[in-house]
Structure formats: structure tokens, C-alpha cells
Amino acid sequence: MVAFLRSLRLLSLIAWMGGIVFFGAIAAPAIFSPQVLELTHGSTHIPGIIVGLSLTRLHWVGLGCGIVLILTTVLLYQRSGRNRMQMYAIVALTALMLCLTLYIGFHVMPLMEHDRELVGGDFTNLPLTNPERADFDRKHELSTRLEQIVLLCALGVTLAVATEDLPKAV
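Let us look at the structure shown here. No experiment lies behind these values; they were computed from the predicted model shown.

### Observations regarding the nonpolar core
Counting residues in hydrophobic clusters, the biggest one holds 30 residues, and the most contacted among them are Trp16, Phe23, Met97 and Val157. Counting residues per element, the ones that place at least two in this core are α1 (2-31), α3 (45-80), α4 (84-118) and α5 (131-163). Not counting the four nearest positions on each side in its chain, Phe23 is found in contact with Ala28, Pro29, Val51, Ser54, Leu55 and Leu58.

Here it is in C-alpha cells:
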């Protein structure tokens, strides 16, 4: 049972953190690459829709993984009776990750989508001083910074999990 819980917890952490890294380092840059923008005649409308849908799904994955991560951590520590401070750190960091993910996914992103709709879905030809574009850019910067905090918290969870002293699976 311990091996199953540890595996499930590790899988949830890997899936969540891997999704964030994949999206930020590979998917988003590829979606907004010059090759894609050439296919869309310079329009960011379709790439923006793809990124929005991908982020929404990534946030749902994160929420599911976060719940699994907290539950498996608590169950593992209930069985071990060992250093509870480490458990509290893992749970607290994961809870922060969940809160930020909820905030980005259910508050910031809908506001960004509203700005996109106000300009017809494409900011390509709008000046940086356009109020909707400026508002979108501020929210985009906020969501990016918050996702970076989620990733840093995930690295903290990884460190805590890697250094914990739980009983070995039998």
C-alpha cells in the first residue's frame, strides 16, 4: 500500500509539474512560432484559442493532481508517524499551488478571454496603448508570474518529497 501511495503521489507531481514545463517551454512557443503565425497570416486569434484551451485543460489536470498529492501525502504520513513538519510543508505548498491554479483558471483567464472578445479575438494590429490590449497584457503577465510561482512551489514539493524519511514499502 505504501508503494502504491508513493507512486501515485509521485505520478501526480510529475504530471502537474511536467505539464507546466511542457506548456511554457514547448507548447506556447511553438503555437506562437513564426511558422504558425505565417499559416494564420500573422493573426494571433487561432493560436490564442489553442493556448486558452490548453491552459484550461492544464489547470484541470493541476487541480486533480493537487488533490491526489495532498490526499496521498496525508495518508502516507498517517501510516508513518514520522516528521509531520515535512508533511505540513508538502501540503501547504500544494495548497498554495491549488489556490493559484484556481485563481488563474477561474479569475484571470476569463478576464483575459473577455479582453480578447472585445477586440474580435486578435491583438495583432492593435497598438500597445489600446486599453483592451494593455489590460490583456497586464493580466497575461500576472498569469505568467503566478504560473512561475506554482512551478517554484512544485520544485519545493519535489525537494521535500525527495528528502523525506518514510517507511520503505514491504
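### So, the packing of α1 against α3
Relative to each other, α1 and α3 sit at 160°, their axes nearing to 8 Å. Taken together, α1 and α3 sit at an angle that is classed as roughly antiparallel. Crossing hand, α1 versus α3: left-handed. Of the residues contributing to the contact of α1 with α3, the split by class is 20 nonpolar, seven polar and three charged.

### Overview of the state of the cysteines
Tallied over the full model, the rule gives zero disulfides. No disulfide involves Cys99; its sulfur sits 10 Å from that of Cys153, the nearest cysteine. Note on Cys153: relative accessible area 8%, which makes it buried.

### Some details on the environment of Gln148
Within the secondary structure layout, Gln148 lies in helix α5. What makes Gln148 partly exposed here is its relative accessible area of 38%. Sequence separation between Gln148 and Arg116 is 32 residues; the distance between their C-alpha atoms is 23 Å.

### A closer look at α3
With 36 residues, α3 extends 52 Å between its outermost C-alpha atoms, agreeing within 8% with the 52 Å of an ideal straight helix rising 1.5 Å per residue. Gly81 sits one or two positions beyond α3 and adopts a positive phi of about 65°.

### Describing the side chain of Thr73
Along the polypeptide, Thr73 turns up in helix α3. Owing to a relative accessible area of 0%, Thr73 belongs among the buried residues under this scheme. Thr73 has contacts with Arg9, Met87, Ile90 and Val91, leaving out every residue within four places of it along the chain.

### Here we look at α5
For α5, with 33 residues, the first-to-last C-alpha span of 48 Å sits near the 48 Å given by 1.5 Å per residue. Sitting at the head of α5, Asn130 places a side-chain oxygen 2.9 Å from the backbone nitrogen of Glu132.

### Some points on the packing of aromatic side chains
Per the stated rule, a full pass over the model turns up two aromatic pairs. Both rings, one in Trp60 and one in Phe106, keep their centres 5.5 Å apart while their planes meet at 80°; by these two values the pair is edge-to-face. Placement of Trp60 in helix α3 and of Phe106 in helix α4 is noted, with a sequence separation of 46 residues between them. For Trp60, a relative accessible area of 54% corresponds to the exposed category. By relative accessible area, Phe106 is classed as partly exposed at 47%. Here the aromatic rings of Phe123 and Phe136 are separated by 4.6 Å at their centres, their planes lie at 35°, and the arrangement is tilted. With a gap of 13 residues between them, Phe123 in the loop between α4 and α5 and Phe136 in helix α5 connect regions that are remote in the sequence. For the pair Phe123 and Phe136, one class covers both residues: buried.

Each value, and the rule that gives it
Residues numbered from 1 in each chain as written. Predicted model: local features only at pLDDT ≥ 70, side-chain atom pairs only at ≥ 80, totals over all residues. Heavy atoms only, no water. Core = buried A, V, L, I, M, F, W, Y, C linked by side-chain atoms within 4.5 Å. Buried < 20%, exposed > 50% of the residue type's maximum accessible area, 1.4 Å probe, protein only. Helix = DSSP H or I, 4+ residues; strand = E, 2+ residues; numbered from the N terminus. Contact = heavy atoms within 4.5 Å. Axes fitted to C-alpha atoms, helices over the stretch in contact; angles between N-to-C directions. Parallel < 35°, antiparallel > 145°, perpendicular 65-115°, else oblique. Left-handed = near helix turned anticlockwise from the far one by under 90°. Nonpolar A, V, L, I, M, F, W, Y, C, P; charged D, E, K, R; others polar. Disulfide = S-S within 2.5 Å. Expected span 1.5 Å × (residues − 1). Polar contact = N/O pair within 3.5 Å; in protein donor to acceptor, adjacent residues only side chain to side chain. Phe/Tyr/Trp six-rings, centres within 6.5 Å; stacked < 30°, edge-to-face > 60°.

Keep in mind these numbers describe shape, not what the thing actually does.
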